[in-house]
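Per-entry structural report
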Amino acid sequence: MASADQTVLQFFPLSTSLSAKVHPLVIFNICDCFVRRPDQAERVIGTLLGSVLPDGTVDIRNSYVVPHNESSDQVALDIDYHHNMLSSHQKVNPKEVIVGWFSTGFGVTGGSALIHEFYSREVANPVHLTVDTGFTNGEASIKAFVSINLSLGDQQLAAQFQEIPLDLRMVEAERIGFDVLKTTTVDKLPTDMEGMEATMERLLALIDDTYKYVDDVVEGRVAPDNTIGRFISETVSSIPKISPSAFDKLVNDNLQDQLLLLYLSSITRTQLGLAEKLNTAAQIL
């Protein structure tokens, strides 16, 4: 008896473990676009820019909003605006390419598949970033998704969104700006000296926490962790051996350089202001 033909339902998972890393600037930009959205728009969508690191991590460093019209069964994107913005961004930083798209709201919606299909033609395996600006669960949930195809034989039936690990990290310079922007109101931006002071206070707090952990381990109040011990050992060994007097001289020299730069910039501003006033007076006379 000849065997009957069988149709196989195929599910194509991710070939490799994929993760994403997003910078704080992207989140602030998305929230700002949501606040400035048109009155009739329920959410904003846009393009994510960045690069793919050698280990496969998608590094999201920039973004811009794309105007769109959305109904229950269709989504219309302003493709010309999208391409013009992409061209402008790449003139400033040609290393930033399209890595995905973002939308505000909680999780994936019905129109997300249509938008994801468009970005799949722009880049292979785009990342979909969602920012819950409505605080559905009492917090601004930030998640990242990728699409997985579900096929029946040679025919693609649907696309399923699978959540991937998302890491929100920042360097020290970004952290200072993040601490300023996350507050509702600020009187003024911190100066270089105030930023250095805040950084030193945070460093002293971390050193105090390390001292407390080591004392707790020595006294037997906390179980030792070899990984943390090796990390502390490597950190201490990386500190250059320098006498207190030489360290003070180094800090004072750098401080004097900072003060000199501030003084020179102040003189430059004064000279420019004086020259502008003299030029205005000469034109009047």
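Residues numbered from 1 in each chain as written. Predicted model: local features only at pLDDT ≥ 70, side-chain atom pairs only at ≥ 80, totals over all residues. Heavy atoms only, no water.

1. Quick look at the overall build of the protein
To keep it simple, the criterion reads: Put simply, DSSP marks the helices as runs of H or I at least four residues long and the strands as runs of E at least two long, and each gets a number from the N terminus on. Partly exposed residues are those whose accessible area sits between 20% and 50% of the maximum for their type, while under 20% is buried and over 50% is exposed, using a 1.4 Å probe and protein chains only. Any two residues having at least one pair of non-hydrogen atoms within 4.5 Å are treated as being in contact. Here, Shrake-Rupley sampling with a 1.4 Å probe gives the accessible areas, and only protein chains in the shown set may cover a residue.
Broken down by element type, the protein carries 7 helices and 11 strands. Within the protein, the proportion of its 285 residues that are buried is 24%. Within the protein, contacts between residues at least 6 apart in sequence are counted, and of these 60% link residues at least 24 apart. Split by element, the accessible area of the protein, about 20100 Å² in all, is 57% carbon and sulfur.

2. Focus: the environment of Lys143
Summarising the element assignment, Lys143 is placed in strand β9 (residues 142-152). Discounting residues that sit within four places of it in the chain, Lys143 has contacts with His128, Leu129, Thr130, Glu163 and Leu166.

3. Quick word on the environment of Val214
Relative to the elements of secondary structure, Val214 occurs in helix α5 (residues 192-219). Residue class for Val214 comes out partly exposed when judged on its relative accessible area of 35%. In sequence terms Val214 and Ile232 are 18 residues apart; their C-alpha atoms lie 9.5 Å from each other.

4. As for the packing of aromatic side chains
Defined as follows: Centres within 6.5 Å are what make two rings of Phe, Tyr or Trp a pair, Trp counting through its six-membered ring; a difference in plane orientation under 30 degrees is then read as stacked, over 60 as edge-to-face, and the rest as tilted. Note on criteria: charge over ring means Lys NZ or Arg CZ within 6 Å of the ring centre, with the direction from the centre no more than 35 degrees off the ring normal.
All chains considered together, the criterion is met by 2 aromatic pairs. Between Trp101 and Tyr119, the ring centres sit 6.1 Å apart and the planes meet at 10°, which makes this aromatic pair stacked. Residue Trp101 is located in strand β7 (residues 97-104), and its partner Tyr119 is located in helix α3 (residues 112-122); the two are separated by 18 residues in the primary sequence. Exposure class is identical for Trp101 and Tyr119. Each is buried. Between Phe118 and Tyr119, the ring centres sit 5.1 Å apart and the planes meet at 80°, which makes this aromatic pair edge-to-face. Comparing Phe118 with Tyr119 shows no difference in burial state: the two are buried. Ring pairing ties together the aromatic residues Trp101, Phe118 and Tyr119, which thus form one cluster. The residue whose ring lies beneath Arg37 is Phe34, and the NZ or CZ to ring-centre distance is 4.0 Å.

5. A look at the environment of Thr210
Turning to its location among the elements, Thr210 is positioned in helix α5. For Thr210, a relative accessible area of 33% corresponds to the partly exposed category. When the C-alpha positions of Thr210 and Ile228 are compared, they lie 10.0 Å apart, and in sequence the two are 18 residues distant.

6. Examining the packing of helix α2 (residues 79-92) against α3
For clarity, the threshold we go by: To define axes, lines are fitted to C-alpha atoms, for helices over the stretch in contact only, and angles between the resulting N-to-C directions are given on a 0 to 180 degree scale. The scheme is simple: roughly parallel for angles under 35 degrees, roughly antiparallel for over 145, roughly perpendicular for 65 to 115, oblique for anything else. Crossings are assigned a handedness: left-handed for a near helix turned anticlockwise from the far helix by less than a right angle, right-handed for a clockwise turn. Only Asp, Glu, Lys and Arg are considered charged, only Ala, Val, Leu, Ile, Met, Phe, Trp, Tyr, Cys and Pro nonpolar, and every remaining residue, Gly among them, polar.
Following both chains from N to C, one finds α2 and α3 inclined at 40°, their axes separated by 14 Å at the closest point. Relative to α3, the element α2 is oriented oblique. Note on packing geometry: the crossing formed by α2 with α3 is right-handed. Contacts between α2 and α3 pair Ile79, His82 and His83 from the former with Phe118, Tyr119 and Glu122 from the latter. Of the residues assigned to the contact of α2 with α3, the class counts are 3 nonpolar, 2 polar and 1 charged.

7. Describing the side chain of Ser51
In plain terms, the rule: Identification of polar contacts relies on pairs of N or O atoms within 3.5 Å, with a donor-acceptor requirement for protein atoms, meaning one able to donate a hydrogen and the other able to accept it, and with residues adjacent in sequence counted only if both atoms are side-chain atoms.
Mapped onto the secondary structure, Ser51 falls in strand β3 (residues 45-52). For Ser51, a relative accessible area of 18% corresponds to the buried category. At 2.9 Å, the side chain of Ser51 forms a polar contact with the side chain of Arg61. Ignoring anything within four residues of it in the chain, the contact list for Ser51 reads Thr57, Val58, Asp59, Arg61, Lys95 and Val99.

8. Looking at the confidence of the model for the protein
Stated formally: Known as pLDDT, the predictor's per-residue confidence is scaled from 0 to 100.
Summary statistics for the protein give a mean pLDDT of 80 and a share of 81% for residues scoring 70 or more. Ranking the helices and strands of the protein by mean pLDDT puts β3 first, with 91, and strand β1 (residues 9-11) last, with 48.

9. Quick look at the nonpolar core
The nonpolar side chains of a soluble globular protein tend to be buried, and buried together. Note the threshold: Here, nonpolar core means buried Ala, Val, Leu, Ile, Met, Phe, Trp, Tyr and Cys residues that are tied together by side-chain atoms lying within 4.5 Å of each other.
Counting 20 residues, the largest nonpolar core has Val26, Leu48, Val58, Ile60, Leu129 and Ile164 as the members making the most contacts within it. Contributions of two or more residues to this core are made by β2 (20-22), α1 (24-35), β4 (58-65), β7, β8 (127-131) and β9. At 5 residues, the largest contribution of residues to this core is made by α1. Grouped together as the second largest cluster of nonpolar side chains are 10 residues, Leu49, Val66, Leu86 and Ile98 included.

10. Concerning a nonpolar patch on the surface
Note the following rule: Two joining distances apply to patches: 9 Å for like charges and 5 Å for nonpolar side chains (Val, Leu, Ile, Met, Phe, Trp, Tyr), and every residue must have over 30% relative accessible area and no salt bridge. Salt bridges are defined as contacts in which a side-chain nitrogen from Lys or Arg sits within 4 Å of a carboxyl oxygen from Asp or Glu.
Together, Met193, Met196, Met200, Leu203, Leu204, Ile207 and Tyr211 line one region of the surface with nonpolar side chains, adding up to about 670 Å² of accessible area. In this structure, Met196 sits in helix α5. Accessibility expressed as a relative area gives 43% for Met196, which makes it partly exposed.

11. Focus: the pattern of salt bridges
For the structure shown, the criterion picks out 6 salt bridges. Note that Asp32 is salt-bridged to Arg36, the shortest N-O span being 2.9 Å. The class of Asp32 is partly exposed, set by a relative accessible area of 33%. Since its relative accessible area comes to 65%, Arg36 is described here as exposed. The closest approach of N and O atoms between Lys249 and Asp253, which form a salt bridge, is 3.1 Å. Residue Lys249 and its partner Asp253 are both found in helix α7 (residues 244-284); the two are separated by 4 residues, about one turn of the helix.

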